[in-house]
Amino acid sequence: MRVPLSWLREYVDLPATETGRDVQAKLISAGLEVETVEPLGADLKGPLVVGQVLTIEELTEFKKPIRFCTVAVGTANGTGEPQEIVCGARNFAVGDKVVVVLPGAVLPGNFAIAARKTYGKTSHGMICSGDELGMGDDGSGGIIVLPPEVEVGTDAIELLQLVDEVLDIAVTPDRGYALSMRGVARETAIAYGLPLRDPALLDVPAPNAFGYPVQVSDPMGCDRFTARTVTGLDPDAHSPIWLRRRLQKAGMRPISLAVDITNYVMLELGQPLHAYDRSRVQGTIGVRRAEQGEKLTTLDGVKRTLNAEDLVITDDRGPIGLAGVMGGANTEIDDTEGTTTEVVVEAAHFDAISIARTARRHKLASEASKRFERGVDPQAASAAAQRTVDLLVLLAGGTADAGVTEVIAPSAPHSITIPANHPDKVAGVDYGRETVVRRLQQVGCDVYGQDELIVTVPSWRPDLTDPNDLAEEVIRLEGYENLPSTLPKPPAGLGLTDRQRLHRRVGRALAGAGYVESPNYPFMGEQVLDQFGLAADDPNRKVVKLVNPLSDEEPALRTTLLPGLLQALRRNDGRGSHDLALFETGLVFHPRAELRIAGRLPVDRRPTDEEIASLTAALPVQPRHAAVVLAGAREQAGWWGKGRPADWADAIEAARVLAREAGTELLVRSGQYGPWHPGRCAELSVVVDGTRRVVGHAGELHPRVLKALGLPARTCAMELDLDALEEASSGHPKGPKISTFPVATQDVALVVDKAVPHTDVEAALREGAGELLESIRLFDEYESEQLGGDRKSLAYALRFRADDRTLTVDEASAARDAAVALATERTGAVLRGA
């Protein structure tokens, strides 16, 4: 919001010595983000006067049209004689009043003016355009032509209000009232402790049955609609200089009188308006939701296909405007032919969320939508319509119709109950009740009560909804700089939870194993699940979809970490980094069987355990997963050796690393799932309460998946459920016992069917060996015709050790025999060579 200081002074009697920088400091202290103060005309020096063109001689001997003019400037040149000026512009004629800069003057940009010879003539000055004077775009694109009533010789610096200061305010989404001179003036008046001349305090006639007919079919989307009619407008009337200059300083381009007036009132009061050419509106003006697929050509000339959620303004033909965003071209006021003599003025209040979504849906941000989506004062609609009517009557010679239309949906003012000392508790400062009441009244609140205050918030502050909002108003107006600097005293906590500790240990372990963490957004598109080859009934296909996703291509929350990790791997591989080992730990999301609506937690107190539990029950199930992806070389080649590529075993080892950090025994067996290669996929499981539970998979990805996702050949991956690992763990990992007694090693080779997994054999050996077993390792797998075509030999090294003694050969052999006996019983294993 650009705020000219000269305009601001109309509503607040600021001291004459106050500069824009002074006002900026005050407003920043009050909480507004005043980014810059732009001095206008600071380097401008006269003489700059009004002149009248007396003669024009066309110089045709040059490549471009040049005119040699004589211009009357009164006594401004000291002689009273006409000034001779060479000019290349052609948008003025003999008799026009123009702006003339005389020799000795300095224009913006330190451009000094002197008499000079050009095109065979001597030019004593310049006839000026708006750009040359730093006025910005005035819509003419050429020389400034002034109204005929302006006196020759008048000082143009004062006439065109060229010297001013403009405050540029970055308005945050919660302070929509600051997108108006009225709102900024109120903040300025509070900051200086001065009275405010509220421009919205106008005498407004009561609604009657003679106004233009209006039908509001959606009172939730439009709770207030005011319509006023003005007839007998002079089609040749133009915006006066003061109106055009204020629009230009505020960053808007003058267009036509009727449009300029609606823009001016919007800047003044914050209420967007729209003026319809009455002769082009057919029948009753209506407000409703659009029908899916309806068409509307907006004022920018774009034909738009409407959505069923769009709020539209209609007449008997159909849509004539996108409510709160932009009007339609079929009822546009014609400023080129000058044929509009009757207008219908619309001042309405629309639902902020509806307007925001429509503006984003059509990628059509406008000055009106910017204000509606931040919150507009609904009580200001009637005053804005009246102000527009008054200006049309004053500047365009129109006549205001007696009819006044107002459609209002019943609503009650919003009240908040707040303890009088609540701002004191929030800020840690003893303000006292009187200060709290005074500050709340300054922002427009009605306050009643003693120790418990009942505060009715003003209609122009829809952002004030909770006690903490009111506390913020008191604190900011008292000055953030006055808050004491104190160190917080947090209560003693219980430290990290077991889940948090495991999460950190896992991250450190994977980083230590050579993986690089690659956090990704928790969004995905469902098409990636097709590329993964998941079955139609796979639980990971049940996704939670976002109502307002950041990207239409990824509208769902992820059910697996792999899509984001594989996308990161592909991106890095495409940019020349081919040896990759990435990991991520994060939440995945699964919908609950029963859909619940989340309640809103209070902000004035700590939520109860029941409220937190109710909110948690409405959220998706969010287990924490860990995943890794690998491609290229796992060990680089060099003088130390040949190196080797990453393979499925590395992915499985990453899972074992995580299991060790969780203090859990991980069971690994051959599996088949989704994106993994069916012959190179390991199923990862743990035992929870005596039941085997699958917690993830690891191995090499399927070539079909690699091709679909554009991944390097032989890419490997692993993903498992960290929460399930924690549930299966026996508590915090325990350090190994160190014994000073020697180890006893026993090797055993067992022949089993090929279908028997190695993990089953190892588990049986481990359990049968008992507590003397220190470790077990598979060191050989052997197949031959002598064993049989469906048999294999598995050789294990068993290490036995006691804490308190040296084991005898008989003790070690007995433990080995017990292990073999249990393996034989469970898996049908036979000692090789027996």
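Residues numbered from 1 in each chain as written. Predicted model: local features only at pLDDT ≥ 70, side-chain atom pairs only at ≥ 80, totals over all residues. Heavy atoms only, no water.

Engineer: How should the sheet that holds strand 13 (residues 164-170) be read in this particular structure?
Structural biologist: A sheet is described by the order of its strands in space; here three strands give the open sequence 1-13-2, paired in antiparallel fashion. At either margin of the open sheet sits one strand with a lone partner, and together these are strand 1 (2-4) and strand 2 (33-40). In this sheet, adjacent strand axes meet at a mean angle of 25° when their direction is disregarded. Both strand 2 and strand 13 contribute to a ladder of seven bridges, which runs antiparallel. Bridging from a neighbouring strand, Thr-36 pairs with Asp-168 of strand 13. (Pairing = 2+ DSSP bridges. Helix = DSSP H or I, 4+ residues; strand = E, 2+ residues; numbered from the N terminus. Axes fitted to C-alpha atoms, helices over the stretch in contact; angles between N-to-C directions.)

Engineer: Help me understand unusual backbone geometry, please; the structure alone is not making it clear to me.
Structural biologist: Of note, the phi angle at Gln-161 is positive, near 50°, even though the residue is not glycine. For Gln-161, the position within the fold is in the loop between helix 3 (156-159) and strand 13. On the basis of relative accessibility, which here comes to 24%, the residue Gln-161 falls in the partly exposed class. Despite not being glycine, Lys-363 shows a phi value in the positive range, around 50°. Assignment of secondary structure puts Lys-363 in the loop between helix 7 (352-361) and helix 8 (367-372). Relative accessible area serves as the criterion here: at 74%, Lys-363 is assigned to the exposed category. (Buried < 20%, exposed > 50% of the residue type's maximum accessible area, 1.4 Å probe, protein only.)

Engineer: Before we go on, may I ask you to explain the packing of helix 20 (residues 758-769) against helix 21 (residues 809-827) in this structure?
Structural biologist: When two helices pack together, their arrangement is captured by the angle between the axes and the distance separating the axes. Packing of helix 20 against helix 21 leaves a shortest axis separation of 7 Å and a crossing angle of 140°. In this view, helix 20 runs oblique relative to helix 21, as classed from their interaxial angle. You can see that helix 20 and helix 21 cross each other, and the crossing is right-handed. Residues Asp-760, Val-761, Ala-764, Leu-765, Glu-767, Gly-768 and Ala-769 of helix 20 form the contact with helix 21, whose participating residues are Ala-815, Ala-818, Ala-819, Val-820, Leu-822, Ala-823, Arg-826 and Thr-827. Looking at the contact of helix 20 with helix 21 residue by residue, the classes come out as ten nonpolar, two polar and three charged. (Parallel < 35°, antiparallel > 145°, perpendicular 65-115°, else oblique. Left-handed = near helix turned anticlockwise from the far one by under 90°. Contact = heavy atoms within 4.5 Å. Nonpolar A, V, L, I, M, F, W, Y, C, P; charged D, E, K, R; others polar.)

Engineer: Even after reading the chapter, I still don't get the sheet that holds strand 14 (residues 214-216), so can you show me in this structure?
Structural biologist: Neighbouring strands of a sheet are bound in pairs by backbone hydrogen bonds; such pairs are parallel or else antiparallel. Taken in spatial order, the five strands line up as 14-17-20-21-22 in an open sheet, and their pairing is mixed. Edge positions in the open sheet fall to strand 14 and strand 22 (326-327), since each of these has one partner strand only. Alignment of strand 17 (residues 285-289) against strand 20 (residues 311-315), held across four bridges, turns out to be antiparallel. Its bridge partner lying in strand 20, Val-287 is registered against Ile-313.

Engineer: What is the right way to look at the side chain of Thr-664 in this model?
Structural biologist: Looking at where Thr-664 falls in the secondary structure, it is placed in the loop between helix 17 (648-662) and strand 35 (667-670). Among the polar contacts listed, one links the side chain of Thr-664 to the backbone oxygen of Leu-725, at a separation of 3.0 Å. Apart from the residues within four sequence positions on either side, Thr-664 is in contact with Ala-659, Val-686, Leu-725, Ala-728 and Ser-729. (Polar contact = N/O pair within 3.5 Å; in protein donor to acceptor, adjacent residues only side chain to side chain.)

Engineer: How should the environment of Gln-786 be read in this particular structure?
Structural biologist: You can see Gln-786 is positioned in the loop between strand 40 (773-782) and strand 41 (791-800). Among the polar contacts listed, one links the side chain of Gln-786 to the side chain of Ser-784, at a separation of 3.1 Å.

Engineer: Whenever I open this one, the environment of Ala-420 confuses me. Can you help?
Structural biologist: Along the chain, the position of Ala-420 falls in the loop between strand 25 (415-419) and helix 10 (422-427). C-alpha separation for the pair Ala-420 and Asp-316, spaced 104 residues apart in sequence, amounts to 54 Å. Leaving out residues up to four positions away in the same chain, Ala-420 has contacts with Arg-433, Val-436, Gln-450, Asp-451 and Leu-453.

Engineer: Would you mind going over the packing of aromatic side chains with me for this structure?
Structural biologist: Two aromatic rings, taken as a pair, are described by how far apart their centres are and by the angle between their planes. Overall, the coordinates contain seven aromatic pairs when judged by the stated rule. Summarising the aromatic geometry, the rings of Tyr-521 and Phe-523 are spaced 6.4 Å apart at their centres and angled 20° between planes, so their arrangement reads as stacked. Taking 6.3 Å as the distance between ring centres and 35° as the angle between the ring planes, the aromatic pair formed by Tyr-673 and Trp-676 counts as tilted. A network of ring pairs unites the aromatic residues Trp-7, Trp-242 and Tyr-264 as a single cluster. Over the ring of Trp-460 we find Arg-186, and its NZ or CZ is 4.0 Å from the ring centre. (Phe/Tyr/Trp six-rings, centres within 6.5 Å; stacked < 30°, edge-to-face > 60°. Lys NZ or Arg CZ within 6 Å of the ring centre and 35° of its normal.)

Engineer: Explain the pairing of strand 16 (residues 274-277) here, please?
Structural biologist: If a strand is regular, its side chains alternate between the two faces of the sheet. Residues His-274 and Tyr-276 point to one face of strand 16 and Ala-275 and Asp-277 to the other, with burial holding for every one of them. Pairing between strand 16 and strand 23 (residues 343-350): four bridges, direction antiparallel. Within strand 23, the position partnered with Ala-275 by the bridge is Val-345.

Engineer: What is the right way to look at helix 12 (residues 467-478) in this model?
Structural biologist: Quick reminder: α-helices carry 3.6 residues per turn. Residues three or four places apart thus point the same way. Between its terminal C-alpha atoms helix 12 stretches 17 Å, which fits the 16 Å expected from twelve residues at 1.5 Å a residue. Along helix 12, nine of the twelve residues are buried, which leaves the element largely enclosed by surrounding structure. Among all positions in helix 12, only Pro-467, Asp-469, Leu-470, Ala-471, Glu-473, Val-474, Ile-475, Arg-476 and Leu-477 are buried. Looking at the buried positions of helix 12, the neighbouring elements they touch are helix 2 (20-29), helix 4 (181-192), strand 25, helix 10, helix 11 (433-442) and strand 27 (452-456). (Expected span 1.5 Å × (residues − 1).)

Engineer: I would appreciate a short explanation of the pattern of salt bridges in the present structure.
Structural biologist: Where charged atoms from two side chains of opposite charge come close, those side chains can pair. Applying the stated rule across the entire model yields 55 salt bridges. Glu-611 serves as the salt-bridge partner of Arg-605, at 3.0 Å between the closest nitrogen and oxygen. Taking the relative accessible area as the measure of exposure, Arg-605 reaches 41% and is therefore partly exposed. What makes Glu-611 partly exposed here is its relative accessible area of 26%. It is possible to trace a salt-bridge network through shared partners that takes in Arg-175, Glu-187, Arg-461, Asp-463, Glu-472, Glu-473 and Arg-476. (Salt bridge = Lys/Arg side-chain N within 4 Å of Asp/Glu carboxyl O.)

Engineer: What am I meant to see in the side chain of Thr-456 here?
Structural biologist: In this structure, Thr-456 sits in strand 27. Separated by 3.0 Å, the side chains of Thr-456 and Ser-415 make a polar contact.

Engineer: What is the right way to read the nonpolar core from this model?
Structural biologist: Buried together is how nonpolar side chains tend to be arranged in soluble globular proteins. Counting 53 residues, the largest nonpolar core has Val-3, Leu-8, Val-23, Leu-27, Ile-169, Val-265 and Leu-392 as the members making the most contacts within it. Ignoring any residue separated from it by four or fewer positions in sequence, one finds Ile-169 in contact with Met-1, Val-3, Leu-27, Leu-32, Glu-33, Val-34 and Val-184. Counting residues in hydrophobic clusters, the runner-up holds 32 residues, among them Ala-581, Ile-652, Ala-655 and Val-695. (Core = buried A, V, L, I, M, F, W, Y, C linked by side-chain atoms within 4.5 Å.)

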